[in-house]
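Working through the structure, step by step
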Amino acid sequence: AIDAGELLLFCQPKVDMRTRRFCGAEALMRWKHQRRGMISPAIFVELAESSGLITPLTQWVLEAAFDARHRWHEAGFEQPLAVNLSARDLHDPRLVDRVQGLMSAWGIREGWMQFELTESVLMSEPATVIDTLGRHRDLGIELMLDDFGTGYSSLRYLQQMPVSSIKIDQSFVRRIVDDPESAAIVRSTVELCHALHKRAIAEGVEEVAVWNALEAIGCDAVQGYYVGRPLPVNEFPAWARASRWSQPAPSTAKT
């Protein structure tokens with residue numbers, strides 16, 4: 001897929017709940033297979049990790065995302081773009097230098113790019129990972145903890161990780177209206193984020209009832225089909241400018 005140029009970069013928007021305005025997007029890979037059509041990264045990323053090909057795959061998505069963010073800037077569209085990194089990526093001693101090289105090559109400024117990582121990155125050599133994350137933060141890249149609630153990291157490591165935001169896993173968010181236990185988990189996570197001076201971002205928001213429930217407990221930002229579906233990264237600026245999320249915030253979201 002890499003050699004044949006079959007990989008595509010999509011992105012999905014995020015919205016700030018207080019302002020009802022865009023606050024960034026997450027870069028997502030798609031594989032347009034010649035015979036099987038579009039293949040989700042949920043299928044091929046795991047294969048890449050098990051076959052040892054995750055490093056060239058990450059290099060591809062980093063180059064594509066930094067290129068896209070530069071194009072956004074050239075078009076007068078300024079929103080941070082987030083890239084997912086795996087545990088293997090963060091143990092690659094060449095990663096920081098590669099990222100620094102891409103920032104220089106594309107003229108990327110502080111705050112333009114974000115990295116998202118799961119709790120599983122701390123399963124091996126947490127001190128090394130935390131040091132690597134700190135070096136990326138020092139380059140001006142914002143860090144986010146993804147899929148929170150499904151991993152194994154301790155609160156001690158959470159306290160040490162230089163992340164600015166925590167993304168609550170969609171398995172809890174989607175059930176927040178009908179399942180009191182899921183609602184309690186989401187509410188507690190939002191409170192924990194704020195106590196640690198971090199932003200809480202809910203994933204998998206697909207309907208207004210979930211938005212309203214998250215707004216009531218003070219969640220900071222959301223991502224999901226209610227905000228917008230993934231679309232090609234080069235089409236995102238035009239779509240965003242025409243979207244309701246680029247307009248002044250209404251008095252209420254309950255519409």
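Small disclaimer: the values here were computed from a predicted structure and weren't measured.

Turning next to the overall build of the protein. Broken down by element type, the protein carries ten helices and ten strands. The C-alpha atoms of the protein give 18 Å as radius of gyration, which agrees with the globular expectation for 255 residues (18 Å, within 12%). Projected onto its principal axes, the C-alpha coordinates of the protein cover approximately 45 × 45 × 40 Å. Buried positions account for 49% of the 255 residues belonging to the protein. Taking as baseline every contact in the protein between residues at least 6 positions apart, the subset at least 24 positions apart corresponds to 67%. Here the protein has roughly 12400 Å² of accessible surface; of this, 50% comes from carbon and sulfur atoms. Charged side chains in the protein number 27 positive and 33 negative. The centres of these two groups are separated by 4 Å.

Applying the stated rule across the entire model yields ten aromatic pairs. Through successive ring pairs, a cluster of aromatic residues spans Phe22, Trp72, Phe77, Phe236 and Trp239. Of note, Arg30 hangs over the ring of Phe10, and the distance from its end group to the ring centre comes to 5.7 Å. The lysine or arginine in question, Arg244, covers the ring of Tyr226, its NZ or CZ lying 4.7 Å from the ring centre.

In this section: the packing of helix H2 (residues 54-74) against helix H4 (residues 95-106). Axis separation between H2 and H4 bottoms out at 10 Å; the angle between their running directions is 25°. With respect to H4, the axis of H2 lies roughly parallel. Considering the relative orientation of H2 and H4, their crossing is right-handed. For the pair formed by H2 and H4, the contact residues are Thr55, Gln59, Leu62, Glu63, Phe66, Asp67 and His70 on the first element and Leu95, Arg98, Val99, Leu102, Met103 and Trp106 on the second. Per-class residue counts for the contact of H2 with H4 are seven nonpolar, three polar and three charged.

Here strand S7 (residues 165-168) shows no split at all, with Ser165 and Lys167 on one side and Ile166 and Ile168 on the other all buried. When strand S6 (residues 142-148) meets S7, the two strands line up parallel, connected through three bridges. The partner of Phe148 across the bridge, within S7, is Ile168. Two elements, S7 and strand S8 (residues 199-202), share four bridges in a ladder whose sense is parallel. Across the sheet, the residue bridging to Lys167 is Ile201, located in S8.

It is possible for side chains bearing opposite charge to pair when their charged atoms get close. All chains considered together, the criterion is met by 13 salt bridges. Of the charged contacts, one joins Arg174 and Glu206 as a salt bridge, the two residues approaching to 2.9 Å between their closest N and O atoms. In this pair, Arg174 sits in the loop between helix H7 (170-173) and helix H8 (180-195) while Glu206 sits in the loop between S8 and helix H9 (208-216), placing the two residues 32 residues apart along the sequence. With relative accessibility at 44%, the residue Arg174 sits in the partly exposed group. By relative accessible area, which is 40% here, Glu206 ends up partly exposed. Beyond isolated ion pairs, a larger network of salt bridges with shared partners links Lys14, Glu26, Glu116, Lys167 and Glu203.

On to the confidence of the model for the protein, then. In the predicted model, the protein carries a mean pLDDT of 91, and the fraction of residues at 70 or more is 95%. Per-residue pLDDT, averaged within each element of the protein, yields its smallest value for helix H6 (residues 155-160) (79) and its largest for strand S9 (residues 221-223) (98).

Let's shift gears to H4. Under the 1.5 Å per step criterion, the end-to-end length of H4 is 17 Å for twelve residues, consistent within 8% with the ideal 16 Å. Here H4 has its buried residues at Leu95, Val96, Val99, Leu102 and Met103. When H4 is viewed along its axis, its buried side chains cluster within an angular range of 125° and face the same direction. Residues of H4 that are exposed and angled more than 90 degrees away from the buried face: Asp97, Ser104 and Ala105. Buried residues along H4 sit in contact with H2, strand S4 (81-85), helix H3 (87-90), strand S5 (113-118) and helix H5 (126-138). Phi for Gly107, located one or two positions after H4, is positive at around 65°.

What follows covers the pairing of S6. Counting buried positions along S6 yields five of seven residues, so the element is predominantly enclosed. What joins S5 to S6 is H5, and the crossover it makes is right-handed.

On to the nonpolar core. Counting residues in each nonpolar core, the largest one holds 71 residues, and the members touching the most others are Leu81 and Leu214. The greatest single-element share of this core, amounting to nine residues, is contributed by H2. Beyond its immediate stretch of four places on either side in the chain, Leu81 contacts Cys11, Ala25, Glu26, Ala27, Ala65, Ala68, Arg69, Trp72, Trp112, Met113, Gln114 and Val233.

Cut-offs applied
- Residues numbered from 1 in each chain as written.
- Predicted model: local features only at pLDDT ≥ 70, side-chain atom pairs only at ≥ 80, totals over all residues.
- Heavy atoms only, no water.
- Helix = DSSP H or I, 4+ residues; strand = E, 2+ residues; numbered from the N terminus.
- Rg over C-alpha atoms; globule rule 2.2 N^0.38 Å.
- Buried < 20%, exposed > 50% of the residue type's maximum accessible area, 1.4 Å probe, protein only.
- Contact = heavy atoms within 4.5 Å.
- Areas by Shrake-Rupley, 256 points an atom, 1.4 Å probe, with all protein chains shown as cover.
- Lys, Arg positive; Asp, Glu negative; His and termini not counted.
- Charge placed at Lys NZ, Arg CZ, Asp CG, Glu CD.
- Phe/Tyr/Trp six-rings, centres within 6.5 Å; stacked < 30°, edge-to-face > 60°.
- Lys NZ or Arg CZ within 6 Å of the ring centre and 35° of its normal.
- Axes fitted to C-alpha atoms, helices over the stretch in contact; angles between N-to-C directions.
- Parallel < 35°, antiparallel > 145°, perpendicular 65-115°, else oblique.
- Left-handed = near helix turned anticlockwise from the far one by under 90°.
- Nonpolar A, V, L, I, M, F, W, Y, C, P; charged D, E, K, R; others polar.
- Pairing = 2+ DSSP bridges.
- Salt bridge = Lys/Arg side-chain N within 4 Å of Asp/Glu carboxyl O.
- pLDDT = per-residue confidence, 0-100.
- Expected span 1.5 Å × (residues − 1).
- Arc of directions from axis to C-beta.
- Right-handed = clockwise from strand over helix to strand, strands pointing away.
- Core = buried A, V, L, I, M, F, W, Y, C linked by side-chain atoms within 4.5 Å.

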